[in-house]
Every structure is written in structure tokens, then in C-alpha cells.
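Structure at a glance
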Amino acid sequence: MANPTSRHSKSRRDKRKANWKGALPPVMKCPDCGEFKAPHRVCLGCGKYDGKEVLAVVEKE
């Protein structure tokens, strides 16, 4: 297989890598306590999912 005869410039390489951006994770407010949580996950603030208590949350002192 043939190798390229000349190098690509740094700007050409960087143009290719310019579109790799980190995405923000999806977040929503818990309808019960108002704390931010990931969608379709148990809320770590109140321990509820879909209006039902799933986790027993211990309060920090």
C-alpha cells in the first residue's frame, strides 16, 4: 500500500479535529424535590422515581 509523499499541515490536521466537542450531560429537575437529576434515573435527593419511593435517603447532619 502506498504511503503519502508529503505530510499534511498542522492546520489541516486541526481542522479535522475541530468538530470533536464534549456534550453536556442531560439534566432535568425532579418533580418531587426540585433537585437536578439525570432523566430516567432515581433522584438522589428524595429517592423517588416516577412518583414512587425507591431508595431510602439518609439525611446528612
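An account of the accompanying structure is given in this report. (Residues numbered from 1 in each chain as written. Predicted model: local features only at pLDDT ≥ 70, side-chain atom pairs only at ≥ 80, totals over all residues. Heavy atoms only, no water.)

**Some points on a positive patch on the surface**
For clarity, the threshold we go by: Residues enter a patch when their relative accessible area is above 30% and they make no salt bridge; the linking distance is 9 Å between like charges and 5 Å between nonpolar side chains (Val, Leu, Ile, Met, Phe, Trp, Tyr). Every accessible area reported is derived by Shrake-Rupley at a probe size of 1.4 Å, with residue values counting cover from the shown protein chains alone. By definition here, a salt bridge exists when the distance from a side-chain nitrogen of Lys or Arg to a carboxyl oxygen of Asp or Glu is within 4 Å. Here Asp and Glu are counted as negative and Lys and Arg as positive; His is not counted, and neither are the chain ends. The atoms used to mark charge sites are NZ of Lys, CZ of Arg, CG of Asp and CD of Glu. Secondary structure elements are taken from DSSP: a helix is a run of H or I of four residues or more, a strand is a run of E of two residues or more, and numbering for both begins at the N terminus. Exposure is judged per residue with a 1.4 Å probe applied to protein chains only, and the accessible area is read against the type maximum: over 50% gives exposed, under 20% gives buried, and values in between give partly exposed.
On the surface, Arg12, Lys15, Arg16 and Lys17 cluster together to form a positively charged patch. Tracing the backbone shows Lys15 in helix α1 (residues 10–17). Owing to a relative accessible area of 62%, Lys15 belongs among the exposed residues under this scheme.

**So, the pattern of salt bridges**
In this structure the tally under the stated criterion is 2 salt bridges. With a shortest N-O distance of 3.0 Å, Arg13 and Asp14 are connected by a salt bridge. Asp14 gets classed as partly exposed once you look at its relative accessible area, which sits at 39%. Between Asp50 and Lys52 there is a salt bridge, and its shortest N-O distance comes to 3.9 Å.

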